[in-house]
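Understanding the architecture of this molecule
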Amino acid sequence: EIAPALAEGAKQVQSETSGASAVTVAVYDRHKVLAVRPGYSESAYGVAIDVGSTTIAGYLLDLGTGDVVSTAGRMNPQIRFGEDLMSRVSYVMMNPGGDAELTAAVRSAINELIVELCDTANVESSCVHDLTLVGNPIMHHLLLGIDPTPLGAAPFTLTVSSPVRALAGDLGIDLAYAMVFVGPCIAGHVGADAAAATLAEGPHRSDTPMLVVDIGTNAEIVLGDSTRVFAASSPTGPAFEGAQISSGQRATAGAIERVRIDRCSWTPRYKVIGCDLWSDDDGFDVAVKKSELEVSGLCGSAIIEVIAEMYLSGIIDQNGVISPTGDDADLSVDDLAARQARVVADERTFAYVLTESPIRLAVTQNDVRAIQLAKAALRAGIDLLLEHAGISSLSDIRLAGAFGAHIDPVRAMVLGLVPDAAEGQVRAVGNASGVGAARMLVAQNQRQEVADAVQSIVKIETATEPRFQELFVSAMAFPHETASTELLAQQIDLPAVKLKAQDASNARRRRRTPATAAN
């Protein structure tokens, strides 16, 4: 209560003395004076930052109104030390002082981001008095200047899991009059970003089971309701973000973001970031040229869609194998010829050619395998939590994160990224971690809520769970080897599943059994 009292006192002094001797005092948590400014001022701002392994997203908020006044993002410069989290931990292990390098890199990026946020909103950095930071456990530890190597091997021990409060300067943040609140971590592979997403979406406040999935290099999964909440992570790797994909790239202007494939001819059409037209629309080439765009690759959402469309069209089967012609029954000569032009030999396998101009972009068998491995890791983590929670079906699935915000929910189910659900029950919620960080920024009770929620969450470590590998193998198939797709089939036409030779033989044997018994 001290801050409002001081502000009201300063306002009264200003009224009585025409501001001649008025001052404004910024007080943190009732007892710590952060700044004293001449005159009466209501300018008080805060910054919420989600430190992702690939992208750092920041939000500048007016602490008086709660309004977001500017947003900005940039690539995490730690990428040069390794695309994924474990490669960065390996860098620290193999290079003395490597942890200090990684810490300096991320802190420098945060400082640059804060400058950009303030410049965009024309706000003096001296008026920024609070900062909340969230990130996965390895980002969290490196940000705090803590050696992350214990997180690189079982039992994946956190050095600190509870919230951290400090002066901004103590963490190398160039804000002279600000405090920092670093959110709590849930477990060794489920960090403060997942805790923030939990706070934002509120599975712990829900009357019915809710699944929150933040899809990234390391996918965080939270499942539960007001009675019990479970959390885990899955090592999906960077494939969903375009890395390790032959035509993959990050989501920038000119990247293909949407794909549809004709079921008969296998002719594709696509949309690129920066243009509202589809590639087969009149004026597409002119619009792309006018916008000075260069079609250069497929970003994560397009990779998901093109492989889902390849499955729906019969270009790949349930096991992910690319077929040169697929099921050619009842095809016209022209459609068959078009198919043969699209699926071409690629060494000992085949590749699907999405476009030849202005650049050749193709999806190879290795690309399909990379996505299969990533999606199987994610789905196995989800299925593991469902087993622990004793939940057989879901009606509320939320895809979080910058990547999750752009995924088509139906295509996500076609790939088997998430369990079967009815139309409208899978939806994107944007950067839930950033929203959670902003909630912590503007309200003390939200900081207490997330701290309490983290304490009650049941942590599941996928790396040490004996069932994970079995669930992973089942999840390799499109959409899934054993799970139901009944609700998905009501939303889109799914191809008939072709049984493997052994499965077909077993099925015939089962059909003969009653007759044999009768004889």
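Worth saying up front: this structure is predicted, and the values here are computed from it rather than measured. (Residues numbered from 1 in each chain as written. Predicted model: local features only at pLDDT ≥ 70, side-chain atom pairs only at ≥ 80, totals over all residues. Heavy atoms only, no water.)

Notes on the packing of aromatic side chains
Where we set the bar: Stacked, tilted and edge-to-face are the three classes assigned to paired rings of Phe, Tyr and Trp, where Trp is represented by its six-membered ring and a pair needs centres within 6.5 Å; plane angles under 30 degrees give stacked, over 60 edge-to-face, the rest tilted. By definition, any uninterrupted DSSP run of H or I lasting at least four residues is a helix, any uninterrupted run of E lasting at least two residues is a strand, and each is numbered from the N terminus. Placement of a positive charge over a ring is assigned whenever Lys NZ or Arg CZ falls within 6 Å of the ring centre and within 35 degrees of the normal to the ring plane.
Applying the stated criterion to the full structure yields 4 aromatic pairs. Pairing Y270 with F284 gives two aromatic rings, centres 6.0 Å apart and planes at 85 degrees, and the pair type is edge-to-face. Taken as a pair, Y270 in strand β13 (residues 268-272) and F284 in helix α6 (residues 284-290) lie far apart in primary sequence, 14 residues in all. Sitting above the plane of the W278 ring, R269 keeps its charged end 4.4 Å from the centroid. Sitting over the ring of F181, R447 keeps its end group 4.6 Å from the ring centre.

Brief notes about the sheet that holds strand β5 (residues 68-75)
Across a sheet, paired strands are connected by hydrogen bonds in the backbone, their directions being either parallel or antiparallel. Here is the rule: What makes two strands pair is DSSP finding at least two bridges between them. Axes here refer to lines fitted to C-alpha atoms; in helices the fit is confined to the stretch in contact. Angles between the N-to-C directions go from 0 to 180 degrees. Note on contacts: a residue pair is in contact if any heavy atoms of the two residues lie within 4.5 Å.
With mixed pairing, 6 strands are arranged side by side in an open sheet as β5-β4-β3-β6-β8-β7. Of all strands in the sheet, those bounded by a partner on one side alone are β5 and β7 (164-167). Direction aside, neighbouring strands of the sheet carry axes that sit 15 degrees apart on average. As defined by bridge partners, strand β3 (residues 45-51) adjoins strand β6 (residues 128-135) across 7 bridges and the pair is classed as parallel. Looking at the pairing, V47 lines up with L131 of β6. With respect to the sheet, helix α3 (residues 98-121) is in contact with β3, β4 (55-62), β5 and β6, its orientation differing from that of β5 by roughly 145 degrees.

A word on the pattern of salt bridges
A side chain with one charge can pair with a side chain of the opposite charge if their charged atoms come near. Defined as follows: What counts as a salt bridge is simple: a side-chain nitrogen of Lys or Arg found within 4 Å of a carboxyl oxygen of Asp or Glu. Residue exposure (1.4 Å probe, protein chains only): buried if accessible area is under 20% of the type maximum, exposed if over 50%, otherwise partly exposed.
If you walk through the whole model with that rule in mind, you get 16 salt bridges. In this structure, D396 engages R398 in a salt bridge whose closest nitrogen and oxygen atoms are separated by 3.0 Å. With respect to class, D396 is no different from R398; both count as buried. Put simply, E470 and R467 hold a salt bridge, and the shortest N to O gap is 2.9 Å. Judged by relative accessible area, which is 49%, E470 ranks as partly exposed. Ionic contacts of the salt-bridge type, sharing partners, join the residues R263, E309, D408 and R411 into one network.

Re helix α13 (residues 444-456)
An α-helix turns once per 3.6 residues; consequently, residues spaced three or four apart project the same way. Filter applied, for reference: One less than the number of residues in a helix, times 1.5 Å, gives the span that helix is expected to have. Taken from the helix axis, the directions to the C-beta atoms give the arc we talk about.
Taking 1.5 Å per residue, 13 residues should reach 18 Å; α13 reaches 19 Å between its end C-alpha atoms and fits that length. Of the positions making up α13, those classed as buried are Q446, R447, V450, A451, A453 and V454. The arc that holds every buried residue of α13, seen down its axis, measures 165 degrees, which confines them to one face. Facing away from the buried surface of α13 by more than 90 degrees, the exposed residues are N445, Q455 and S456. Buried residues belonging to α13 abut β1 (23-28), β6, β8 (179-182), α5 (192-201), α12 (432-442) and β20 (458-459).

Re a nonpolar patch on the surface
Which entries qualify depends on this criterion: Patches were defined on residues exceeding 30% relative accessible area and lacking a salt bridge, with like-charge contacts within 9 Å and nonpolar side-chain contacts (Val, Leu, Ile, Met, Phe, Trp, Tyr) within 5 Å. To measure how exposed things are, a 1.4 Å probe is used in the Shrake-Rupley method; for residues, cover is taken only from the protein chains shown.
A grouping of V23, V33 and V36 is seen on the molecular surface, where their side chains present a nonpolar patch of about 250 Å² in accessible area. Of note, V36 is situated in strand β2 (residues 32-38).

Some remarks on the environment of T227
We count it as follows: Counted as a polar contact is a pair of N or O atoms within 3.5 Å, where, for protein atoms, one must be capable of donating a hydrogen and the other of accepting one, and residues adjacent in sequence contribute only when both atoms are in side chains.
Position of T227 among the secondary structure elements: in the loop between β10 (219-224) and β11 (229-234). With relative accessibility at 69%, the residue T227 sits in the exposed group. Taking the C-alpha atoms as reference, T227 lies 10.0 Å from S456; in sequence the two are 229 residues apart. Looking at T227, its side chain comes within polar contact range of the side chain of D225, at 2.5 Å.

A few points about the environment of L158
Among the structural elements, L158 can be located in the loop between α4 (137-144) and β7. Each C-alpha atom, one on L158 and one on T464, is 16 Å from the other, the two residues being 306 residues apart in sequence. Apart from residues no more than four positions distant in its own chain, L158 is found in contact with P137, H141, L151, C185, A187 and G188.

Focus: the side chain of D396
As for its position among the elements, D396 is in the loop between α9 (365-389) and β18 (397-400). Side chain to side chain, D396 and R398 meet in a polar contact 3.0 Å long. Setting aside chain neighbours within four positions, we find D396 in contact with P209, M210, L211 and Q425.

Points about the pairing of β2
The pairing of β1 with β2 spans 6 bridges and is classified as antiparallel. Among the inter-strand pairings, V23 is bridged to a residue of β2, identified as P38. Turn length for the β1-β2 hairpin, with the two strands adjacent in sequence and antiparallel, is 3 residues, and the turn residue D29 shows positive phi of about 50 degrees.

Topic: the sheet that holds β20
With respect to topology, 6 strands assemble into an open sheet ordered β19-β18-β9-β10-β11-β20, the strand pairing being mixed. The open sheet has two edge strands, β19 (426-430) and β20, and neither has a second partner. Note that strand β9 (residues 210-214) and β18 share 4 bridges and pair parallel. Within the sheet, the bridge partner assigned to V212 lies in β18 and is R398. Contacts between α5 and the sheet are confined to β9, β10, β18 and β19, with β10 contributing the most and set at about 40 degrees to the helix.

Quick word on unusual backbone geometry
Across the junction of S357 and P358, the peptide omega takes the value 5 degrees, indicating a cis bond. Within the secondary structure, P358 sits in the loop between β16 (349-355) and β17 (361-364). Put simply, F478 and P479 share a cis peptide bond, and its omega is -20 degrees. Turning to its location among the elements, P479 is positioned in the loop between α14 (468-475) and α15 (486-489). Positive phi, normally seen in glycine, also occurs at N122, with a value near 55 degrees. Residue position: N122 is located in the loop between α3 and β6. Classification of N122 as exposed rests on a relative accessible area of 73%. One non-glycine residue, W266, lies in the positive phi region at around 65 degrees. Tracing the backbone through its elements, the reader meets W266 in the loop between β12 (255-261) and β13.

Shape is all these values report; function is a separate question.
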